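Listed below, chain by chain, are the residues.
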Amino acid sequence: MDFNLSEEHRMVQKMVHDFAQREVAPIIKEWDRKQDMAPFILPRMGELGILGICIPVRYGGAGMDYVSLGLACEELEAVDTTLRVVMSVHTGLCSMTLLQWGSEEQKQKFLVPLAKGEKIGCGAFTEPGAGSDFAHIRGSARREGDYYILNGEKMWISLANKADYAMVTMRTNPNAEKASRGLTSFIVDLHSPGVTRGDIHGKLGVRAGSTGWIHFQDVRVPAENRIGEEGEGFKITMSAFDNGRYTVAAGATGLIRAALEESVKYARERQAFGSPIAQHQLIQAKIARMAVDYEAARLLYLQAGWMKNAGSRNTRQTSAAKWFATDASFEAASEAVQIHGGYGFSDEYNVERYLRNSKGAVIYEGSNEIQRLIQASYALGWRTDKPLRRELPPYDPDFWQEEA
Ligand SMILES: Cc1cc2nc3c(=O)[nH]c(=O)nc-3n(C[C@H](O)[C@H](O)[C@H](O)COP(=O)(O)OP(=O)(O)OC[C@H]3O[C@@H](n4cnc5c(N)ncnc54)[C@H](O)[C@@H]3O)c2cc1C
C-alpha cells in the first residue's frame, strides 16, 4: 500500500493552493460580507482547468484522476467553502453525472463546454417540500412528441443563478409502484423559456457563494436531453451524490486543516495566566482532536478517491467520509472560535466564517442523519450495492489524457 501522492497530485495541490491562497484569500471576507460571489471566481477556475480537473482531455477536461479532484477540493475549502461548493455542483453533480450516464452526443454537447469552464453547471434535485425524502419530489416532466414539458420548483440549489445547465430530476410516472421508480433525469439549458430563478439571501454561511431557487413553468426540454432511461432518475441522482459527497468530504477535510492551522498560530501567540494558551492542556486537547480528525478525514476521502480510480463502487465509503469529515469540520471550527476567545466571535479572524460555513455541509448532499441511516443499513446487512447500468468509468490515464 502506497500512501504517497504522485508528482502530478502534488502539482495539482500546489496549483489549486496558490490560486485559493493568493487570489481568493485576500478578498474573501469582503465578498462574504457583501453576500455575493466575486465575479472572477468562476472564469478563473475555468481558465486554470480546475472545473474540469478529473474529466478526460477528449471531453474538454484536464485529464487528472479522481484523487486529484479530492485534493483540489481540500485546497479550495481550506480558504473558503464557496470555492469547493462550485466543484461539488459543477463537477460532482453535473459533469461527472454526464461522464457516467451521458451518451457520447450528450458528452460532446454538454460535458465539453462544462469541463472547459465555458459553461457552468449545477444539480437541481431538492424541492421546497422534499429534500431527504427525495423519492417524493413533485416536479413533473411530461412527454409531448420530441420534448418533455417540465413543471415544478427546485430549492436550495447552489449556483442556481449562475449556471447555464442544470442536471435536473423530475417525476415522469406518478403511478409507478415505487415512488423512486417514477423519476427521470435531464440536462436542462437554464436559458430556456419558462425558467425563472433567483438567489436566497440571509443565509447562515456560504455567503460568498450563490444558493438559489429555480422555477420551471412549461419548460420544453428536447427528448435527447434525457439522461439514461425513463425511470432511472433516482439511481442517477444517487450516483450524482456519490460524486458530490466525495467533494464535500474532501473539502470539509480542508476546513479542519484551516481551523487547526489558525488555532495553532493563535494558541502560540495569545498569553493567559503567564504563558501562551497553547501551554494549557485543555487547549492542547482541542488542537489534538483537530489534528487527528484531519488525518482520519483525509484517509477516508483518499480511500474513496482511490476506489473511484479503480472503478469500485464506493457509496458506503463516500458516505462515511462525508459524515465523518463534515461533523469533524463543524466541531473543529467551533473549537477554533473557542480558542480565539472573544476575537473568534468577530470577522477580524477567519474562524467565525469557518463555523458558519461548516454547518451547511452537515445538512446538504444528504444530511448526516441520512448518512447514519446509510451506514446502519450496510452494517446491518439490509443494504448491498447492486451493479448500475452505467458505472463511473475507472481512471485510465491513456484514455483520460489522449486527445479525441
Ligand atoms: C447551502 C446549501 C446548498 C445546497 N445546495 C443544493 C444543491 O446544489 N442541489 C440540491 O439539489 N440541493 C441542495 N441543497 C439542499 C440540501 O441537499 C437539502 O437541504 C438536504 O438534503 C435536506 O433536505 P431538507 O432541507 O428538505 O430537510 P428535510 O429533509 O426536511 O430534513 C429536516 C431534518 O430532518 C432530518 N430527517 C429527515 N428524514 C429523516 C429520517 N428518516 N431520519 C432521521 N432524520 C431525518 C434531516 O436530517 C434534517 O435534520 C442545499 C442546501 C443548503 C443548505
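From a predicted model like this one, the values you see are computed outputs, not experimental measurements.

Right, let's talk about the overall build of the protein for a bit. The secondary structure content of the protein amounts to twelve helices and ten strands. Here the C-alpha radius of gyration of the protein, 21 Å, is about what a compact globule of 404 residues would show, namely 22 Å. Within the protein, the fraction of its 404 residues that count as buried is 51%. Excluding contacts between residues fewer than 6 apart, the proportion of contacts in the protein whose partners are at least 24 apart in sequence is 75%.

Neighbouring the ligand are 21 residues; Phe125, Gly131, Ser132, Ser367 and Glu369 lie closest to it. Taken together, the elements giving at least two residues each to the shell around the ligand come down to β1 (121–124), β3 (147–158), α10 (351–363) and α11 (368–379). Considering only residue class, the shell around the ligand consists of ten nonpolar, eight polar and three charged. Split by domain, the shell around the ligand shows at least three residues from each of two domains, domain 2 (123–232) and domain 3 (235–399).

The subject of this paragraph is helix α6 (residues 104–116). Residue pairs three or four apart in sequence face the same way in an α-helix, which turns once every 3.6 residues. Across its 13 residues, α6 extends 17 Å between first and last C-alpha, which sits within 8% of the 18 Å expected from 1.5 Å per residue. Of all the bends in α6, the largest measures some 35° and sits at Phe110, one to four residues before the proline Pro113. Contacts from the buried residues of α6 go to α5 (81–101), β1, β4 (165–171) and β5 (183–189). Phi turns positive one or two residues past the end of α6, at Gly117, with a value near 80°.

We now examine the domain arrangement of the protein. Here the domain parsing of the protein yields domain 1 (7–120), domain 2 (123–232) and domain 3 (235–399). Centre-to-centre separation of domain 2 and domain 3, based on C-alpha positions: 28 Å. Taken together, the contacts link 13 residues of domain 2 with eleven residues of domain 3. A class-by-class count of the residues in the side of domain 2 that touches domain 3 yields six nonpolar, six polar and one charged.

Viewed as axis vectors pointing N to C, helix α4 (residues 66–77) and helix α7 (residues 233–269) meet at an angle of 45°, and their least axial separation amounts to 7 Å. Relative to α7, the element α4 lies oblique. Note on packing geometry: the crossing formed by α4 with α7 is right-handed. Together, Leu69, Gly70, Cys73, Glu74, Glu75, Leu76 and Glu77 of α4 and Tyr246, Thr247, Ala250, Gly251, Ala252, Thr253, Gly254 and Leu255 of α7 make up the contact between the two elements. Partitioning the contact of α4 with α7 into residue classes produces seven nonpolar, five polar and three charged.

Judged by which residues are buried, β1 turns out to be covered on both faces: Gly121 and Gly123 on one side and Cys122 and Ala124 on the other are all buried. Where β1 lies against β4, four bridges are found, and the strand directions are parallel. Residue pairing across strands places Ala124 opposite Val168, the latter belonging to β4.

On to unusual backbone geometry. Its identity as a non-glycine residue notwithstanding, Val206 has a phi of 40°, on the positive side. Structurally, Val206 can be placed in the loop between β6 (195–199) and β7 (211–222). By C-beta crowding, Val206 is classed as buried, having 25 other C-beta atoms within 10 Å. Even without a glycine there, the phi angle at Glu365 is positive, about 55°. Here Glu365 shows up in the loop between α10 and α11.

The next point concerns the pairing of β5. In the case of a regular strand, side chains alternate between the two sheet surfaces. Most of β5 sits out of view: six of its seven residues are buried. Pairing of β4 with β5 involves seven bridges; the strand directions are antiparallel. Bridging across to β5, Met170 finds its partner in Thr184. Examined bridge by bridge, β5 and strand β8 (residues 226–227) share two bridges and lie antiparallel to one another. Bridge assignment links Phe186 to a residue of β8, and that residue is Arg226.

Take α7 next. An ideal rise of 1.5 Å per residue puts 54 Å on 37 residues; α7 measures up with 54 Å between its terminal C-alpha atoms. Where burial is concerned, most of α7 is hidden: 30 out of the 37 residues are buried.

About the cut-offs
- Residues numbered from 1 in each chain as written.
- Predicted model: local features only at pLDDT ≥ 70, side-chain atom pairs only at ≥ 80, totals over all residues.
- Helix = DSSP H or I, 4+ residues; strand = E, 2+ residues; numbered from the N terminus.
- Rg over C-alpha atoms; globule rule 2.2 N^0.38 Å.
- Buried ≥ 20, exposed ≤ 12 C-beta atoms within 10 Å, placed from the backbone.
- Contact = placed C-beta atoms within 7 Å.
- Near = placed C-beta within 6 Å.
- Nonpolar A, V, L, I, M, F, W, Y, C, P; charged D, E, K, R; others polar.
- Domains from an automatic or database assignment.
- Expected span 1.5 Å × (residues − 1).
- Bend = angle between axes of the 7 residues up to and from the residue.
- Axes fitted to C-alpha atoms, helices over the stretch in contact; angles between N-to-C directions.
- Parallel < 35°, antiparallel > 145°, perpendicular 65-115°, else oblique.
- Left-handed = near helix turned anticlockwise from the far one by under 90°.
- Pairing = 2+ DSSP bridges.

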